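Analysis of the macromolecular model
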4 protein chains.
Amino acid sequence: MFSSEVQFGHAGACANQASETAVAKNLALKEAGAFVPKSFDELGDVIKSVYDDLVGKGVIVPAMEVPPPTVPMDYSWARELGLIRKPASFMTSICDERGQELIYAGMPITEVFKSEMGMGGTLGLLWFQRRLPSYASKFIEMCLMVTADHGPAVSGAHNTIVCARAGKDLISCLTSGLLTIGDRFGGALDAAAKQFSKAFDSGMLPMEFVNKMKKEGNLIMGIGHRVKSINNPDMRVQILKDFVKKTFPSTQLLDYAMDVEKITTAKKPNLILNVDGFIGVAFVDLLRNCGGFTRDEADEFVEIGALNGIFVLGRSMGFIGHYLDQKRLKQGLYRHPWDDISYVLPEHMSM
Amino acid sequence: MFSSEVQFGHAGACANQASETAVAKNLALKEAGAFVPKSFDELGDVIKSVYDDLVGKGVIVPAMEVPPPTVPMDYSWARELGLIRKPASFMTSICDERGQELIYAGMPITEVFKSEMGMGGTLGLLWFQRRLPSYASKFIEMCLMVTADHGPAVSGAHNTIVCARAGKDLISCLTSGLLTIGDRFGGALDAAAKQFSKAFDSGMLPMEFVNKMKKEGNLIMGIGHRVKSINNPDMRVQILKDFVKKTFPSTQLLDYAMDVEKITTAKKPNLILNVDGFIGVAFVDLLRNCGGFTRDEADEFVEIGALNGIFVLGRSMGFIGHYLDQKRLKQGLYRHPWDDISYVLPEHMSM
Amino acid sequence: MFSSEVQFGHAGACANQASETAVAKNLALKEAGAFVPKSFDELGDVIKSVYDDLVGKGVIVPAMEVPPPTVPMDYSWARELGLIRKPASFMTSICDERGQELIYAGMPITEVFKSEMGMGGTLGLLWFQRRLPSYASKFIEMCLMVTADHGPAVSGAHNTIVCARAGKDLISCLTSGLLTIGDRFGGALDAAAKQFSKAFDSGMLPMEFVNKMKKEGNLIMGIGHRVKSINNPDMRVQILKDFVKKTFPSTQLLDYAMDVEKITTAKKPNLILNVDGFIGVAFVDLLRNCGGFTRDEADEFVEIGALNGIFVLGRSMGFIGHYLDQKRLKQGLYRHPWDDISYVLPEHMSM
Amino acid sequence: MFSSEVQFGHAGACANQASETAVAKNLALKEAGAFVPKSFDELGDVIKSVYDDLVGKGVIVPAMEVPPPTVPMDYSWARELGLIRKPASFMTSICDERGQELIYAGMPITEVFKSEMGMGGTLGLLWFQRRLPSYASKFIEMCLMVTADHGPAVSGAHNTIVCARAGKDLISCLTSGLLTIGDRFGGALDAAAKQFSKAFDSGMLPMEFVNKMKKEGNLIMGIGHRVKSINNPDMRVQILKDFVKKTFPSTQLLDYAMDVEKITTAKKPNLILNVDGFIGVAFVDLLRNCGGFTRDEADEFVEIGALNGIFVLGRSMGFIGHYLDQKRLKQGLYRHPWDDISYVLPEHMSM
């Protein structure tokens with residue numbers, strides 16, 4: 001970058017006048033009493049001679065040499081050499097993505113496609129670590145299709161829509177809606193599965209079950225419909241029932257639930273086994289009888305929420321649909337109307 | 001409930017002695033100066049005579065009769081009579097649950113089942129308000145299967161697992177995981193669709209696109225794989241590509257992306273069109289060319305996040321799977337190890 | 001916009017040649033058999049004469065006049081006139097934002113500021129609809145400060161951080177973290193409050209309580225610390241205890257818990273009443289004895305989660321802090337290391 | 001547990017008759033051809049003699065001795081010995097919970113209490129890693145109090161309430177509400193801070209700023225109120241302004257915003273600087289001028305969302321309040337009324 005002579009790197013590059021050159025500086029330092037080597041090469045020698053001189057004069061008293069600490073080995077290297085064993089913090093059994101092929105519960109993804117197991121079969125691998133029979137996969141898909149949506153008025157769709165109208169992204173809207181799912185909204189599948197299983201497993205007769213629930217003042221979950229009745233059957237249940245009856249190896253719990261339905265509809269025609277109740281009991285029959293699970297495994301999956309998962313996954317389709325719908329319809333910020341809110345003041349605060 | 005004579009209802013019922021009877025009370029009141037009718041039937045007459053007497057004496061000065069205010073009509077009744085019109089606060093177009101049959105985008109649910117459109121077709125109705133051709137439904141299902149999971153190490157599965165190990169319910173765990181999805185995790189489908197569409201629509205040649213991205217220091221989204229390469233192709237992409245090439249009426253954007261891949265893999269063999277990139281561009285081809293959408297509609301769906309929805313819905317399957325897995329494996333509360341955290345203190349706070 | 005003669009508005013404006021003029025068109029229509037008025041003014045007359053003619057010929061048979069339906073009245077107008085009564089769907093008692101001044105539980109916001117009740121007092125209004133005594137407000141603030149953070153390793157902070165490193169926004173990160181709060185993480189305050197209250201209210205002696213818990217194999221929530229002990233006390237608890245003892249009108253439950261602590265620390269010195277346990281029992285003492293609540297109200301607030309709210313609100317401060325910290329430190333996408341995950345395959349799936 | 005003679009541990013314990021004793025078994029084995037040592041002590045000798053015999057006969061051909069693999073060392077042990085170095089995956093600077101005392105940004109929690117820095121000061125440590133001056137802590141608390149709630153009708157409170165009425169827990173309800181916060185709901189503080197800062201920093205005069213915004217058809221964020229006006233001022237703003245003017249070392253941006261307000265209120269009296277706008281600009285003044293931050297640091301905190309955090313934390317108080325309120329009022333499942341929803345069907349789907 002420059003033509004003139006260079007000393008000591010870029011310091012020289014900046015020397016604009018004689019007093020700024022290395023030579024001038026070295027001279028000034030020497031005059032001021034500093035030890036200045038002739039060139040950089042002699043720096044070490046000068047340091048040594050000054051040191052020896054100071055030691056000789058007793059100015060410096062040499063300390064004992066301390067052996068330098070070993071430099072610790074890199075963990076990843078030590079691990080590769082097999083010198084180190086570190087227990088894993090996490091355990092997983094549904095998916096292995098480390099190799100050449102993505103593997104779902106032991107089955108390579110290409111195998112998943114070749115075997116034409118579809119969405120239902122994929123879900124079977126990831127949720128149950130099983131290759132489910134094809135009727136089971138089909139049934140799971142039918143359940144997802146039936147639960148996919150139930151309009152914009154229910155808690156979950158409503159919150160998704162309100163969030164979408166607040167301008168938020170897909171994930172925020174979906175989760176704001178999903179968080180409303182629980183006992184009161186969407187919990188009927190699970191509750192029906194558990195109530196009917198418990199009654200059936202305890203050996204109670206259908207009539208005993210109905211009487212017990214009535215006596216305790218409890219609703220039978222999965223029984224009852226707003227408009228549908230024994231004379232005006234719910235076609236969704238009809239379609240699912242036809243499929244289940246034709247393909248499942250056993251439908252013990254469903255049969256039990258249908259006996260209960262006979263008793264309740266005799267009292268009131270709309271006390272039918274509704275679609276939530278149907279899915280709940282049929283799912284238990286599926287897990288218990290498809291051959292892939294012990295009875296304990298089947299019950300554990302219901303216990304930890306597999307049926308709830310079906311509702312959540314199915315309805316996610318609807319919630320995302322509502323989100324896209326509101327965006328497409330360009331709906332603005334929602335504010336609940338004041339005249340639909342009753343502002344009350346606790347007595348003790350009235351002023 | 002009692003045998004003796006009754007006067008004035010339950011007051012008499014409680015009269016235990018003479019002084020508590022109606023007769024005794026009436027007498028006492030009369031003696032104290034009250035106007036006491038002989039029986040309840042004469043109450044009105046006595047009130048009138050006392051009133052007229054007081055008016056006559058000038059004690060009471062009658063005020064003008066005010067017509068009583070009309071009792072407001074019940075809103076729901078007025079609405080049913082057609083007297084009132086209230087604009088709706090919400091608009092929806094994906095699902096109508098008011099009638100005898102649940103209706104998805106105009107199609108009764110029984111029709112949905114009869115037409116064997118499956119999960120993909122149901123999604124088509126709810127997200128796009130269209131009856132998609134069957135190859136489109138199939139392709140959507142394939143995308144959901146491929147995106148269903150990618151192991152426990154990624155942000156979303158990790159947070160789902162940590163939440164499950166904190167003992168939380170399915171919804172909380174799923175949402176804690178979903179909330180990590182964004183540009184960095186799961187956003188490649190969307191980003192690839194948008195980048196490639198923009199380049200293609202602007203008439204840029206593949207080489208120009210690659211050069212432009214390089215010059216601007218931007219990554220091409222959807223290009224590149226950790227282990228897969230042109231010589232060791234990703235079988236997932238292969239399977240999807242075979243399907244798309246065989247069934248889609250046009251694959252303009254995919255062809256464009258594959259031309260880009262030719263250029264990038266010439267530079268480095270692992271710069272292939274990966275599965276995210278593939279789904280992104282093929283989905284655009286689907287929306288643009290399946291015949292159901294105008295070009296603007298197709299682009300709007302990508303814009304508002306339909307592709308993001310595919311990833312979110314597909315991966316929800318995996319997250320729920322991880323949740324069930326952790327519950328089944330009975331994993332305890334996770335606490336990140338201290339030795340994997342570097343605690344730093346801003347300089348200005350060192351004490 | 002144009003110079004030539006105009007007939008019939010913009011139609012004339014576009015007439016470029018004779019055959020496009022109104023005159024030419026009228027003529028052509030007349031020749032084709034149409035009834036053409038001389039000018040727009042005569043249009044009505046021509047319609048009437050044609051109509052009368054057709055009626056005369058019997059081509060048209062006039063129908064009975066039907067009175068037009070009443071146009072329904074606008075709901076908001078009808079409501080203002082008092083014609084309509086609509087029950088409110090929502091009830092609220094914590095805040096009224098309709099008037100000139102924002103009102104928290106009956107107290108105008110300016111009053112809130114003037115009375116110097118601070119954050120704690122504001123929280124008292126919104127959560128308990130009470131103007132709490134100032135020591136209560138102060139204690140609430142102290143609890144929020146103590147629970148504000150406990151490092152990055154716990155479930156909630158960890159998920160917030162992982163989400164922040166996935167590039168997500170503040171709300172997503174905060175909620176991803178909050179969703180991990182439950183029995184195992186953050187639930188000790190609530191659990192301690194409930195366990196100690198139940199034991200105390202049932203009249204059990206401290207020793208009986210300790211023995212019962214031991215016999216049933218249950219942990220006493222809020223007792224025990226990793227490093228702190230009776231000889232190395234937790235200064236947080238000390239500070240809080242000094243404040244509570246000095247200001248609370250009664251500390252019955254705290255005294256009971258300290259008697260329990262005497263028994264447990266006699267067994268093992270670190271089985272102290274920890275900070276979670278302390279806040280839990282002291283909060284119960286506050287609600288029960290501050291004079292603002294009946295005993296049932298006090299217990300209901302613990303039942304529905306007020307103490308949980310304290311932890312959630314306090315820790316939100318920490319989670320938001322962690323979010324800002326990660327953004328400032330520009331931390332990249334986190335992926336859990338493979339060597340810390342044990343990939344297991346259920347036996348039935350081994351191939 | 002038993003009185004008779006014992007041989008070989010519990011095997012003998014179970015021997016009920018002669019044939020089940022060790023002696024009888026040994027005899028039977030020997031007769032069947034097994035090599036049976038006289039006692040356990042001779043087992044090794046017998047094994048060796050049988051082995052040597054088989055080697056001698058050539059039945060067993062001894063293989064080369066392979067040195068056993070080193071047993072890998074335990075990671076945590078190796079780390080304690082300093083043999084291994086593992087880079088930390090996480091970095092944190094807000095809180096250190098590893099030692100005897102919880103430390104917020106370098107300050108022990110006891111110090112935090114002793115210094116009486118309150119909620120605002122604690123927040124300053126956790127969010128900004130600074131010990132803020134006391135007026136700054138006070139101002140932060142005032143902002144939290146003002147933003148704490150704004151009634152049940154807004155998106156966030158509404159979703160919290162709908163979720164509470166679906167029976168969900170505190171965390172789910174709070175997060176369902178928080179997820180609606182964004183540009184349209186709650187985003188005004190942030191937006192005002194950014195808009196005004198940008199205009200001020202670019203040297204635009206207030207009039208130029210107003211004209212530019214008008215010309216571009218953009219709203220000025222933080223300007224305008226539904227009912228309040230220059231003649232009917234918002235008392236919240238008044239109180240905050242008095243405090244800020246009295247305590248802040250400089251209020252450059254606030255002064256700029258008030259000059260803008262002069263121009264806008266001249267046009268329309270309700271175009272005042274509202275409470276969102278006020279907090280936005282005053283917060284920028286605080287960060288820029290309190291002495292703790294460089295200008296870049298101050299701007300970075302606004303950029304990454306510190307102001308958004310103030311709104312989120314403040315309003316969390318309100319959302320939790322609404323949750324507790326709904327629980328206390330025992331409100332049931334909400335379902336949005338059908339007559340408030342307009343069900344539309346895209347034309348292409350009409351059947």
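Residues numbered from 1 in each chain as written. Chains lettered and ligands numbered in written order. Predicted model: local features only at pLDDT ≥ 70, side-chain atom pairs only at ≥ 80, totals over all residues. Heavy atoms only, no water.

1. Quick notes on the packing of aromatic side chains
Aromatic ring pairs are reported here in terms of the distance separating the ring centres and the angle at which the planes meet. Under the criterion given, the structure shown has 50 aromatic pairs over all chains. Taking the centre distance of 6.4 Å and the plane angle of 45° together, the rings of F128 of chain A and F283 of chain A count as tilted. On the criterion of sequence distance, the pair formed by F128 of chain A in helix α6 (residues 118-128) and F283 of chain A in helix α14 (residues 275-289) is long-range, its members being 155 residues apart. Accessibility expressed as a relative area gives 0% for F283 of chain A, which makes it buried. Look at Y135 of chain D and F248 of chain D: their rings are 5.6 Å apart centre to centre, the planes differ by 50°, and that puts the pair in the tilted class. Placement of the pair is Y135 of chain D in helix α7 (residues 134-147) and F248 of chain D in the loop between α12 (235-247) and α13 (252-267), with a sequence separation of 113 residues. For F248 of chain D, a relative accessible area of 7% puts it in the buried group. Aromatic rings pair up to connect W127, F128, F283, F293 and F301 of chain A into one cluster. Sitting over the face of the ring of F90 of chain A, R165 of chain B holds its NZ or CZ atom 4.9 Å from the ring centroid. (Phe/Tyr/Trp six-rings, centres within 6.5 Å; stacked < 30°, edge-to-face > 60°. Helix = DSSP H or I, 4+ residues; strand = E, 2+ residues; numbered from the N terminus. Buried < 20%, exposed > 50% of the residue type's maximum accessible area, 1.4 Å probe, protein only. Lys NZ or Arg CZ within 6 Å of the ring centre and 35° of its normal.)

2. Details of the interface of chain B and chain C
On the side of chain C, 43 residues touch chain B, which itself brings 43 residues to the contact. When the two sides are added together, the surface that chain B and chain C hide from each other amounts to roughly 3800 Å², 57% of it contributed by carbon and sulfur. It is R85, L179 and R184 of chain B in chain B that bury the most area against chain C; as a group they hold 17% of the surface buried on that side. For the pair chain B and chain C, the interface holds two salt bridges. Linking chain B with chain C are 23 residue pairs in polar contact (both at pLDDT 80 or more), by the criterion used here. The set of elements that each furnish at least two residues to the side of chain B that touches chain C consists of β1 (73-74), α4 (75-80), β2 (84-85), α8 (155-165), α9 (170-178) and β7 (341-343) of chain B. Looking at the side of chain B that touches chain C element by element, the count peaks at seven residues for α8 of chain B. (Contact = heavy atoms within 4.5 Å. Buried area = accessible area lost by both parts, 1.4 Å probe. Salt bridge = Lys/Arg side-chain N within 4 Å of Asp/Glu carboxyl O. Polar contact = N/O pair within 3.5 Å; in protein donor to acceptor, adjacent residues only side chain to side chain.)

3. Considerations on the relation of the copies chain B and chain C
Once turned by 179° and shifted 0.9 Å along the axis, chain B lies on chain C with an RMSD of 1.0 Å. Both copies of the chain, as the preceding transformation shows, are related through a two-fold rotation axis. Across chain B, the smallest distance between a C-alpha and the rotation axis is recorded for S176 of chain B, namely 2.0 Å. A shared interface surface links the copies, since 100% of the contact residues of chain B are contact residues in chain C too. (Least-squares fit on C-alpha atoms with pLDDT ≥ 70 in both.)

4. Some remarks on the confidence of the model for chain A
Counting all residues, the mean pLDDT for chain A is 91, and 93% of those residues have values of 70 or more. For this predicted complex, the interface confidence reaches an ipTM of 0.82, while the overall pTM sits at 0.84. (pLDDT = per-residue confidence, 0-100.)

5. Digging into the pattern of salt bridges
Considering all chains together, one arrives at 75 salt bridges over all chains under this definition. Between E297 of chain A and R130 of chain A there is a salt bridge, and its shortest N-O distance comes to 2.9 Å. On the criterion of sequence distance, the pair formed by E297 of chain A in helix α15 (residues 295-303) and R130 of chain A in the loop between α6 and α7 (134-147) is long-range, its members being 167 residues apart. Taking relative accessible area as the criterion, R130 of chain A reaches 9% and is therefore assigned buried. For D190 of chain B, the salt bridge goes to K194 of chain B, with nearest N and O atoms at 3.4 Å. Of this pair, D190 of chain B and K194 of chain B both sit in helix α10 (residues 188-201), four residues apart, which is roughly one turn of the helix. One connected set of salt bridges, linked through shared partners, spans D201, R288, R295 and D299 of chain A.

6. Notes on the interface of chain A and chain B
At the interface, 79 residues of chain A touch 79 residues of chain B. Surface buried jointly by chain A and chain B totals about 7000 Å² across both partners, of which 70% is contributed by carbon and sulfur atoms. It is F113, M119 and M145 of chain A in chain A that bury the most area against chain B; as a group they hold 11% of the surface buried on that side. Applying the counting rule to chain A against chain B returns two salt bridges.

7. Section: the sheet that holds strand β5 (residues 103-104) of chain C
Within a beta sheet, neighbouring strands are joined by backbone hydrogen bonds and run either parallel or antiparallel to one another. Across the sheet, which stays open at both edges, the three strands sit in the order β4-β5-β6 (chain C) with antiparallel pairing between neighbours. The open sheet has two free edges, formed respectively by β4 (95-96) and β6 (107-108) of chain C, since each of these has just one partner strand. (Pairing = 2+ DSSP bridges.)

8. A closer look at a nonpolar patch on the surface
Residues and elements named next belong to chain A. On the surface, F40, L43 and I47 cluster together into a nonpolar patch covering about 310 Å² of accessible area. Assignment of secondary structure puts L43 in helix α3 (residues 43-56). Classification of L43 as partly exposed rests on a relative accessible area of 34%. (Patch = residues over 30% accessible without salt bridge, like charges linked within 9 Å, V, L, I, M, F, W, Y side chains within 5 Å. Areas by Shrake-Rupley, 256 points an atom, 1.4 Å probe, with all protein chains shown as cover.)

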